[in-house]
Amino acid sequence: MSELENRNPDPLTKNVVFLTAVDDIINATRANSVWPLTFGLACCAIEMMATGAAKYDIDRFGSGPFRGTPRQSDLMIVAGTVTHKMAPRVKRLYDQMPEPKYVIAMGGCVIRGGPYVKHGYHVVKGVDLLVPVDVYIPGCPPRPEALLEGLFKVQKLMKREKILDRTRRTTKPEVYHAVYPGLILRNAEDGIWANHWGSQGEAARGVGGGGHRWRGPVCGRQGRGVGRRGRALPR
Amino acid sequence: MVVKAEAWAAVAGLCRDDSRLGFDLLSCITGVDYPEREDGAEIEVIYNLDSIANHHELTVKVKLPRDDPRIASVEEIWRTADWHERETYDLLGVVFEGHHNLVRILCAEDWVGHPLRKDYEPPDSFHGIKNVIY
Ligand code: SF4
């Protein structure tokens, strides 16, 4: 409940009566029980599974139950290559999810075609050609920490919802500076990309080629034991 | 081993049924497009046969004319040929005569063209989804 603020100004009842906004309550519950859609399309899904497994344990952050049906989910983690054959299915799954719904684009393929950007005749060059994306996570594949960081961004977006305003994102999502370097959040309104490293934004748009060329921590594979900057990974 | 296209159905049956050959496993069917061969443009279909009983293997190549590649299906001889032949049809346009369901397997059902042909040009868009970014 730490994100809820007690708005009770009366010193006499301050510790007895808890006043808050309905928005805050609903958003706090929503953001702390994110139900992602079980949805793995290619190699990035392995990293998503690792995020759900014991070592990284996405449950710790209130996003445990991967749902088998879009009707029970509010987060779609698009993890893997979206092909033209798969595209109508992805769109349909998104349409079947109830509002409010959020989309994470995980990995180079989903951002702009990744390794298939030039010669991949069968690959959709970015899932944002199909569905609106809230958070982009570059990498090929992104490490589980990066996916967790993306989840935190989505949780922050969830806490901005207003229940009386049924249209999403009434307030512009601010451009976050990711704690985890290289994580990108696109401002949904005007499509500005922002991130921690200047050049990576270009790569994420595919100008620099496929996701496999990105140099940086999110490109690292699992299992090295030591994270970027020499921090030991959580065991 | 290179086999003539007309003879392939009989040769395939012999490969499986002769006890000295005994090729009971068809492990792969692939195709290669050769638009510039000396004796005309060709598509080669390659069959990888294995014998589990006799511990030997064989690679069979069949050369087909590129403008009308047709060959007998071996789906009735090795059931695994079903999807392999569909894949070769999808990516190279080789028609396997006698196949019970020769439709695309990897590309979308209404895809145009056969992507592994050397002169293939990918579409600029597919069902309204832009396919070219740069
Ligand atoms: S971004 Fe890389 S790891 Fe992820 S699906 Fe594409 S090729 Fe696989």
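Scroll up for the structure.
**Q** Could you clarify how one ought to interpret the overall build of chain A in this entry?
**A** Helix and strand counts for chain A come out as six helices and six strands. Start at the N end of chain A and walk to the C end: the helices and strands fall as α-β-α-β-α-β-α-β-α-β-β-α. A total of 235 residues make up chain A; the buried ones form 51% of that total. Here the contacts in chain A between residues at least 6 apart in sequence split such that 68% fall between residues at least 24 apart.

**Q** Looking at this structure, how should I read the interface of chain B and chain A?
**A** Frequently, the measure chosen for interface size is the accessible area that the parts lose on association. Between chain B and chain A, the residue contacts involve 16 residues of the former and 17 residues of the latter. Between the two partners, chain B and chain A, sit zero salt bridges. Our count for the contact surface shared by chain B and chain A stands at one residue pair in polar contact (both at pLDDT 80 or more). Per-class residue counts for the side of chain B that touches chain A are 13 nonpolar, one polar and two charged.

**Q** What is the right way to read helix α1 (residues 8-17) of chain B from this model?
**A** The α-helix winds at 3.6 residues per turn, so residues separated by three or four positions along the chain end up facing the same way. All names here are of chain B. Taken together, the buried positions of α1 are occupied by W8, A12, G13 and C15. When α1 is viewed along its axis, its buried side chains cluster within an angular range of 160 degrees and face the same direction. Turned more than 90 degrees off the buried face of α1, the exposed positions are A10 and D17. Elements that come into contact with the buried residues of α1 comprise β1 (2-3), β3 (42-51), β4 (56-65) and β5 (70-72).

**Q** Help me out: how do you make sense of the nonpolar core in this one?
**A** General note: in soluble globular proteins, nonpolar side chains tend to be found buried as a group. Grouped together as the largest cluster of nonpolar side chains are 23 residues, with contacts concentrated most on B:W8, B:Y47, B:V62, B:V74 and B:W78. Broken down by secondary-structure element, the contributors of at least two residues to this core are α1, β2 (25-34), β3, β4 and α2 (81-92) of chain B.

**Q** Just to check I follow, could you spell out the state of the cysteines for this structure?
**A** Joining two cysteines, a disulfide is a covalent bond between their sulfur atoms. Applying the stated criterion across every chain, the model contains zero disulfides over all chains. You can see B:C28 has no disulfide; the closest cysteine sulfur is in B:C15, sitting 16 Å from it.

Rules of the game
- Residues numbered from 1 in each chain as written.
- Chains lettered and ligands numbered in written order.
- Predicted model: local features only at pLDDT ≥ 70, side-chain atom pairs only at ≥ 80, totals over all residues.
- Heavy atoms only, no water.
- Helix = DSSP H or I, 4+ residues; strand = E, 2+ residues; numbered from the N terminus.
- Buried < 20%, exposed > 50% of the residue type's maximum accessible area, 1.4 Å probe, protein only.
- Contact = heavy atoms within 4.5 Å.
- Salt bridge = Lys/Arg side-chain N within 4 Å of Asp/Glu carboxyl O.
- Polar contact = N/O pair within 3.5 Å; in protein donor to acceptor, adjacent residues only side chain to side chain.
- Nonpolar A, V, L, I, M, F, W, Y, C, P; charged D, E, K, R; others polar.
- Arc of directions from axis to C-beta.
- Core = buried A, V, L, I, M, F, W, Y, C linked by side-chain atoms within 4.5 Å.
- Disulfide = S-S within 2.5 Å.

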